[in-house]
Every structure is written in C-alpha cells, then in structure tokens.
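This is what each chain is made of:
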Amino acid sequence: MTWEIALLLVQDGISTGAIYVLVALGIVLIFLVTRVIFVPFGDVVGYAALTLAALQLGQMPGTVWLVLTLAAIATVMEVVSLARQGDAHRIPRALLFYAVLPILPAAVVYFASMHALPMWLATLLTVAVVLPISPLLYRIAFRPLADASVLVLLIVAVAVHFAMSGLALLYFGPEGFRTEPMTRAFFDLGALTISGQSILIVVSSALFSFLLYLVFERTLIGKALRATAVNRVGARLVGILPSTTGATAFLIASLLAAISGILIGPIATLYYDSGFLIGLKAFVGAIIGGLVSYPATAVGAILVGIFESFASFWDSALKEVIVFSSLIPILVWQSFTSHTGVEEEIEEDESEGQA
Amino acid sequence: MPAITRLLFALAIAFLAAAPFLFGSFTITLLNYIAIYAMATLGLVLLTGVGGLTSFGQAAFVGIGAYATAWYTATQGGSPWIGLILSLAMTAIVATVLGAATLRLSGHFLPLSTIAWGIAIFFLFGNLDMLGRYSGLSGIPAIRIGQLSFEGTTAAYYFCWIVLGLAMLLCHNLLDSRQGRAIRALRGGTALVESLAINAFRMRLAVFVLGGVLAGLSGWLYAHVQRYVGPAPFDVRAGIELLLMALVGGAGQIVGAVIGSAIVTLIKNILQDVLPAFTRYSAQLEVVVFGVLFIVLLQKARGGVVLMIKRLLPRPKPRPVVDAPALPPRAHQQTAAQNPVLSVRNAVKRFGALIAVNDVSFEVRSGEVLGLIGPNGAGKSTLLNLITGVLKPNSGTIRFQGTDITTLPSRRIAAAGMARTFQHVKLRPNMTCIDNVMLGLYPRTGAGFLTGALRLDRKEEASARHEALRQLQRVGLGGKYGDLAGNLALGQQRLLEVARALAADPTLMILDEPAAGLRRLEKQTLSDLLRGLRAEGMTIVLVEHDMEFVMNLVDRIVVVDFGAKLAEGEPALIRADARVQEAYLGGVA
Amino acid sequence: MSTLLAVEDLHVAYGKVEAVSGVSLEMQTGQIVTVIGPNGAGKTTMLAAIMGLLPSTGTVRYDGADMRRFGTEERVRRGICLVPESRELFTEMTVADNLILGAYTHWTNRKSLDAELDQVYARFPRLAERRTQLAGTLSGGERQMLALGRALMAKPRLLLLDEPSLGLAPLIVREIFRIVMSLRELGVSILLVEQNARAALETADYGYVLETGSIVHSGPASGLIHDPKVIASYLGGKVE
C-alpha cells in the first residue's frame, strides 16, 4: 500500500465515518433518554436515502404508505388509551400529533411526487416525510413497554427492524439506488482529489453535531433530555414526562437519520436492507463510546469509517466480517476499562411470578 | 408432579411416538424441523430465560455446528460421529471466545454484539471457498449406528426426537442441581451471586457455552437430516426466529423450547402457504408478520405459552425433604478467643467529593456479636460493602482471619467463610424458599455440571436439602420450604436471608438491618436465634437501628457518624455517651 | 384552614410484599406534619406513592382533587414536590441547570426564571457560589440544599421531605430545619419524614408514627414527643 492509497482510504473513511457520526449520535441520544437500543435506526436512514432516490426518479416513495400506516396505528393506540384513562379532553391534541402532523408531509409528498422536483425541494420533502417515522415507532412499539428492561426493549427493537426491512423491500423492491450528488465539484490537494460531496458530508456532519450540542446546552428541552438521561427519577420529580422527552429524542434522531440518508445516497448504492448495515456500523462506533459519551461516539464512528475503508481495500468480500469482528477487541477493551460492569440491571420478569 | 401434568406428558410422548403412523411425510419433515429448532431454542431457554442473557446469534452457532460436520463429512469423507465432536468443539470454542469478550460487560452489550458477530459469521460462511461460498456444501452422509441408518424421514424423525428428549432431560436435571441453582440465581443481579462464593462471570460463560453447544448439536442434526448446508438459514433473521421461539414457549421453561418451536414453525408454514397468494415478496411479508407478532407478544404476554398453561394446572406439591446424612461442616480456621476475626484498619472510601468512610478502624473478636450503629447515611452500608468486598477502599486494610482481603472480590471473601444478608433483601423470588437457602450451601457442596445433569449428585443433594430445611426451621420458616420466596412477607424474607447466610456455615456473619420491617414477634425469634448462634461460637457483625434489639443482644458497639468512628464500647457505655446521644438520637434543638 | 392532603387506606406492594398497608393521614394547608418510624417501616414508600412514583391502592386527595389518575408530572404541575432521601440530582449537570430544570413545569421566559433563580440563590448562598459546578461534585449538605432549591423552583404548595437531615453534620441539619420552618411563611405546607425524631417533632405541628406499614400512633407533635409509647416504639428503650 502506498501513501497515496492510504491517504485516499483515510479520506474515503472520514466521509463515510462522518455519516456514521450522525447515525451514532442519534442512537446514543435515543438510548440515553429512553434506554431503547434502537436497532431499526439504520433502516430509517435507508428509508431516507431510498425516498430521495424515488423522488428524483419521479416515483412515489413507499415511505408515504409507511408513515400513513404507522400514523393510523399510533392514533388508534393513543386515542384508545386516552379514552380508557378518562382523558377524553386530550384526544384533539393526540390527533394533532399522531394523525395530522405525520399525514401532512406524507400527503404533500404523495402529490409532489408526480412532478419533477428541484433538488432542494426533494431533499426537504424527504426530511419532512422521514421525520415522523421514529417518533411513531416509539409510540407504537416502545412506549407501552416503558417499564421493561433494556433487554426486552432491545428485543422489540430487533423485531421492529425486521418489520421495517421487510416493508422496505415491499415498498422499494430489490433494486439498488444511488441518488444524484448535490455537488459535482472536485478539489485538488496535491496528490489528493477531494470530492465536493465528501466535503459537504463532513461539513454537514460537523454542523449538525454542533447544533445538537447547542440544543443540549442552551434549550430547556435539551436540558430536559439530558436530565432524563442522567436521572430518570429526578426528571419525573421536576415534572418532566418521560414520554415527552422520549418522543423528542426520537424526533431529533429521526432528523439525524434523514440527513444521514440524504448524505450517503450519492456515495453508495443502497438497497432496501443497506440501512441496517449502516446502522450497525454506527452502533460499533457508539459502543466505542460506551453508549454514553457523545464525543467518544463521534470519534468511534469516524474510526469505524476509516477501518471499513481499509477493510474493503484488503478484502472487499470479507469487509463486513472484518468490520463486525472488530467489535470483539473493542468489547474486550471496554470490559477492562468500564467501571460499571454487570450491575443489577437484569430485572426479574414480573409475569413469571405466577408460575 | 400432579396427575394432570403427568397425563399431559404421557399424551405428548404417545403422540410423538405414534406420529409417523398417523401423518404423511410432509408433516413428519415438519416435525423434524421442530425438533431441530427446539434443540437450538433449548440453548436459548437456558441462556435467556434462565440465565438472563440474550443472544441474537444462536442461529450462527447452529451454523457453526452444521458447517463443522458438513465440511468434515462431505469434503473430508469423515464419520458423522467425529463430525459431532467437531461440531460441539467448534461451537464451544467460539462461544468461549465470544463469551469471554462480552460477558463482563453490562447486559445489553452482549445481545448487541451477538447481532454483529451473527452477521459476521454469516458473511464468513458465504465467502469461504472451503465452505462452498453461497452455494453451500452438499453430499453430507446420513447418521448411522452400526448397520442402522437414519436416512429416511421417519428414521430421522425418531433420531431427532430421542436426541432432543435426552438433551431436555439432562437440562432439566442440571437446573435442579447445585450448578443449575447458581445459573437460575444469575437473573436478578451479580451482588447476591458473588456473595455466595459463586463466580458470576464464569457461571455466565458456562451457560453461554452450554447454549452454544446445544445450538451446535442442533446444527449437527440439521446437517445430517437435511444432507445439505448453505449460509441462508443461519443469518440474524434466523437468530431472532429462535429467540421468538424461546419467548413464545416461555422464558425459562424447558418444555417451552418444544412448544415455542412448534408454534413458530407452524405459523411460518401457514404463512408460506397463504402469503404467496397476496404478494410476490411473501418471504419479506413473512418477516413483517413475525416482527409484528413479536412486538405484540412482548407487549401483551411476556411470560409465554407454557406459563399460561402452568397457571391453569395445579401447582405441584413441593417434594418432601428426606432424612439424609449431614453435610460435613466447613473447616473453620480456629481463631483464639481474643484474636480478631476481622480487623479494619484506617479504611477510607470516597465517592467523588463525598467521603463515605473516613479513616475507620475496629476489630471483631472471635465469638462476639458486634453492633454497628449510626444515623442513616453515616456510612454503615459502605463500611459493610468494604468488608464484604463489594467495594474497594481508597486506602486502609481489611483482614479476615489474619488474611488481607482488602482487594479480594466478594466471592473469594465469601469462600473464605464470610456470609451476609442485605439491607435491601436480595432473594430469587421465583425460586422456592428451600432453593434460596440451598444457594447458600454452594461453597459447602461440590457437584459439577456433568454430575448434576447425570444425576450423580443425588446423595449430596439429599444432604443439602436436609441441611437447608434445618436452617429454615431454625429461623422459623420450616413449614414454608416449598413456597416461592417472593410470596413471603418482608419480615419473613429477611429471615430467609439469615437462613441462607447460616447455610454457608460461616465463620463471620454480616447482618445488614435484619430486624427492619419485622414484627415484634419475628424480632423476638430473630433475637433468640442470634443469641443461640453466639452461644455456639459464631461471630456476628450487626447493623441495626432498633436500639432495643441491639442493646439487648450485642457484646460491643461501634458507632459511626459522618463516615468516622465516633465511639466504641459496651452497650451500657455507649448508651451513656453524650456524643452518641447527640449524633444518633437527634439532639438538634 | 382547609384540608390540603388526605390519604385514605393507602396500600403499596412490591410484587407480593406489602410495604404500606392501610395508611390514612390528613394535613391542613400551612401545616408541617411529620411521619416518623424505624427503618423499613414504609415511610419512603408512602411518599413515593403519594407522588405517584409507585402504583398504589386507596385514595390520595390533594387540594380537593383525586390524584389517582394523575401521573407524577401532573402532580408536580399541581404543586406537590418531593425531595427524596436519595436526592435524585442531575449529577452530571451544573448546579444552575439543576435549578433551572426545577422550574420545568412553569417555564415562561428567561427573565422570570432568572428572578426565581436569584430567590433561591438568596436562600442558599452556597449554591450561588457553585452555580457552574457539576452537582456531582457537591458535598452532602450542598446536595441537600440543591435538592431543596430545585424543589422550591417548582413553586410547590406541598413539599414532601424525605429525611432532609440524612448524613448531614449537626450544624447543617440545624440550617436545613431553619429553612424548613421558614418555608411555612411562604405558604408551603410540609410533610416531613425523618428519623431524627426529636428534631422532626419539634418542628412539626402534628405527627404520625409508622411501623411495619401501618400508623400506630398519631397526635399533636408536642404531645407525641413526650409520649412514652412513642419513645419506646421508636427511640428504642429509655434514652437516658
């Protein structure tokens, strides 16, 4: 391997890694606030990329049907549970959040997809229609299990992933897509040629990471998110509703997923199940950060990107094997550095008590 | 076993024996798969339901088992029986390596990493030339025993189900043995397990390897029944199907493996018949249906089918405890009466800016009852955690029977003869009282995994049960030995913990607020018991708030306040100490 | 005076173990009521149930309204605030952020928030000095002040205090009790759970003694403090 190739691989790795950063930040955010290890997060990224691809091809993206289905289920669940608790006066609000707000972008996309759209509008519509997916999944799959252990939530997350990836095939078919790059510029830096798209990716990733930081530091809802992550009971004692912070975390994460999907679309051919692998690689990054630290997660995600880039140079067929196997030394390292270890978190399953 | 449960079992076995005469070969093939999946699910039942560990990578282990024997028999022309050894050895080795890497970490890292290596192993199968890449390996011979070949569907059927039956029997035996109880105790946290001289990490690793080996066995059966292996059935999707089987059947229930495997396989079969009528992507829709089913199951019926059935059946009467020779007492290191059993020297423990224990020194002499008192938040529990090895002091030394134990882990200290109870009762609510007490006997007994699974431990088990009952009787819970610990009142649960500590036949007992929440009469029983123990020469450290209880029982008292030792001496002296009254009894005016 | 809080036949169970069995108590607006009792009697559990943190049966009426269908957050919104024994601070956030989050339920604008912050800082000057420090770096007494301050930011009408003197030096305990007394002048009613029985009874108007999940004695605090039965069951034998 020459220096030029190594440099090229590093550059390639950093731009992929920058996308993993956004995905991994979303994963960590959701985990810290809701304790859900959101495995289907990568699928949401995939949906975003494929939605944009469909819009660019002038097709109606299946995401519209996904959002409509999820909104219908979530609305029914919310209304039924409100009616049961005798909180009928809160139903209009629920209808706004679970029916109107998700259906609106879906309807716009449905009608807009019949026309040729400028790049910026297609991108914007993609974000708008992907945004409700994660919060709706949260309402349907996870909120009813708010008191369950991390493990149960994880199993549900994996089940949601399977449903999501199955639906993705139905909606988008088995073909691969690659979206139009947002810029075709190239910059020469000595021996190195850097594409405008790579720069766009890195800059966007840094920008949105910084925005996330501002939200956490400067806004009340950001502080509430952090508070929920730091101390769940404490958060409830100051009147923070866990389901509100949960939905917010999922919403912010959904935004990060949409952006990641839009950014990765032009640099890789994506299939209905590619999102999952992207998500898992981001998970490897998040695990490097111990699923707790945002900065460490970002560094970890970049490292995964670079490692993957080298792995595909060594043996492209075994690329995934190499990347995922790297998790094992990472975990070994984690188990000797982390102080928490296995604590009292394996909860007793209440339902077994009646055995 | 109640008559109706026995009848159900007999019917199930009769049905399975007669099935080849009742059904066509399609159904029998289906039943073969049910048995093969049930074998892998059995591993998950032990892992997830019993041991509290979750794996999405079980299908990958099945794959390792299947490919190991397939490679050896199909490409090297070896015997399936050597293939079996290879399958089991390969899965055991891989499980050990993966387990060693992940099982020290907190709960969710393991399942998360199982997804990752499940995918890695799947891609490996599909990309290795020696394993036939994505086209797989064919020409795998059928299993033979001498002249007897299990080539036909029916022959394979009987073979699979008999092997499965044996595996289930061994697992059942194992769970009802010394090591099995330790595995069952894993669910619910490490603190208790380690305090019983059980190495939680090694126990977890053992369950993980056991689960992997069962998957390997399943893979071996799969390879020789199917006679072909390809990578497809071993991906993560298959892994979650196995997990679904385990959860549908019922977490922690051995028969649940078969029931879950049967239900999921049948649903899958129906879906495969029905879905193609609606869509050309039926395989994908099947995945969607499974995903949704899974979510509904976890939201609505986390206990699984077997628990639902069990609730309808009468609860089995507890097995009577038979007379058996007493367990040998533990070898107690003789400590001269005035020598300290325990000595704490200048112990300091800081949590960030808080100094929880500040330069505390005291000794516990052989045969005395020492009361450790102080206001809530004074640092008593931290002190106990330092003594029992749950926490390590920032500085200072702790010696137990003359040995420095400052840096030893809990289990080593427990093994050296220290037993404890917890301020927040730590029991296994879904185990019976006697099983909970038998956990305390772990360091006094020796049966291993194989001994337990093969029932070669019955003599020791009988003695252990007898001993456990004796300890239960001592604390006044003899009549409740067959009840679930979770059904006891709080006071009784505390007494149960004392019985468990007693079962270890310790040199030193550490009791953390044993009288809290006890009713007057129960307090009296406990007080009498502790007095009796002292008469037998037991050394006890007691943290307690009930002054009457403490003053009437202990020989000496150590008072701590703000993490520091405030006073030490006989009860009468302490009672008269003005500083103690000020600090402890509330002198703010 | 009107009844602010009325608890009737409250039962709380952990799994099958009942920790609070049939507790009834009542307090008037402006009162300080204390619940004393040995460790394990169920005091903390009772507070958690009143706060809606644990499922319970029986009725909790606050300000005339049945609290049963309200979650913890709604109860906070209505003016019940719990300062738990374990403090439950946001240890990885600054002192100021902890206080700001205390005002989460009625946050309107930065200006009124700053005014409220200043009031709390005036009451706890130590917190003002440490406003940019992480809560996890505070000492025990400062943590308790922060927990109290955070609760005050929520403008409570009913303050539930669980062992405010826990692990604190006598000087700080005195300070805390002085603050508790002064809160009454703000119109805050206080339900005080304490193991420092004497201090609690000297502070309170009315007292209840809780033992193994049930109320065994109750009466005006000044009476209870000299009641030999209370001394026997709680303080454990004769003190002197």
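Above this text you will find the structure in question.
Definitions and cut-offs
Residues numbered from 1 in each chain as written. Chains lettered and ligands numbered in written order. Predicted model: local features only at pLDDT ≥ 70, side-chain atom pairs only at ≥ 80, totals over all residues. Heavy atoms only, no water. Contact = heavy atoms within 4.5 Å. Buried area = accessible area lost by both parts, 1.4 Å probe. Salt bridge = Lys/Arg side-chain N within 4 Å of Asp/Glu carboxyl O. Polar contact = N/O pair within 3.5 Å; in protein donor to acceptor, adjacent residues only side chain to side chain. Helix = DSSP H or I, 4+ residues; strand = E, 2+ residues; numbered from the N terminus. Nonpolar A, V, L, I, M, F, W, Y, C, P; charged D, E, K, R; others polar. Patch = residues over 30% accessible without salt bridge, like charges linked within 9 Å, V, L, I, M, F, W, Y side chains within 5 Å. Areas by Shrake-Rupley, 256 points an atom, 1.4 Å probe, with all protein chains shown as cover. Buried < 20%, exposed > 50% of the residue type's maximum accessible area, 1.4 Å probe, protein only.

Novice: Quick rundown of the interface of chain C and chain B? Include the residues and the values.
Specialist: Opposite the 32 residues of chain C that make contact, chain B presents 28 residues. Of the roughly 2,400 Å² buried at the junction of chain C and chain B (both faces included), carbon and sulfur atoms supply 52%. At the surface where chain C touches chain B, the tally comes to one salt bridge. For Arg520 of chain B, the salt bridge is made with Glu211 of chain C, and the minimal N-O distance between the two is 3.7 Å. Where chain C packs against chain B, one counts zero residue pairs in polar contact (both at pLDDT 80 or more). Elements supplying a minimum of two residues to the side of chain C that touches chain B: α6 (140-153), α7 (170-185), α8 (197-203) and α10 (228-236) of chain C. Here the side of chain C that touches chain B gets four residues from one element, more than from any other, and that element is α10 of chain C. By residue class, the composition of the side of chain C that touches chain B is 11 nonpolar, 11 polar and 10 charged.

Novice: Outline a nonpolar patch on the surface, supporting the account with residue identities and numerical values.
Specialist: Residue and element names in this part refer to chain B. A cluster of nonpolar side chains, namely Ile4, Leu7, Leu8, Leu11, Met308 and Ile309, defines an oily patch on the protein surface of about 550 Å² accessible area. Counting only elements with at least two residues in the nonpolar patch, the list comes to α1 (3-22) and α13 (305-312). When residues of the nonpolar patch are assigned to their parent elements, the largest contribution, four residues, is made by α1. Examined against the element boundaries, Leu7 turns out to sit in helix α1.

Novice: Outline the environment of Asp205 of chain C, supporting the account with residue identities and numerical values.
Specialist: Residue and element names in this part refer to chain C. Examined against the element boundaries, Asp205 turns out to sit in the loop between α8 and β9 (206-211). Its relative accessible area of 29% is what places Asp205 among the partly exposed residues. When the C-alpha atoms of Asp205 and Ile32 are compared, they prove to be 5.5 Å apart, with 173 residues separating the residues in sequence. In this structure Asp205 touches Gly30, Gln31, Ile32, Arg184, Pro220 and Ala221, once residues within four positions along its chain are discounted.

Novice: Tell me about the interface of chain A and chain B, and name the residues and values.
Specialist: The interface of chain A with chain B comprises 64 residues on the first partner and 57 residues on the second. Our enumeration of links across chain A and chain B arrives at zero salt bridges. Applying the counting criterion to the chain A and chain B interface returns two residue pairs in polar contact (both at pLDDT 80 or more). Within the residue set of the side of chain A that touches chain B, elements represented by two or more residues are α6 (133-142), α7 (150-172), α12 (274-288), α14 (319-325) and α15 (327-337) of chain A.

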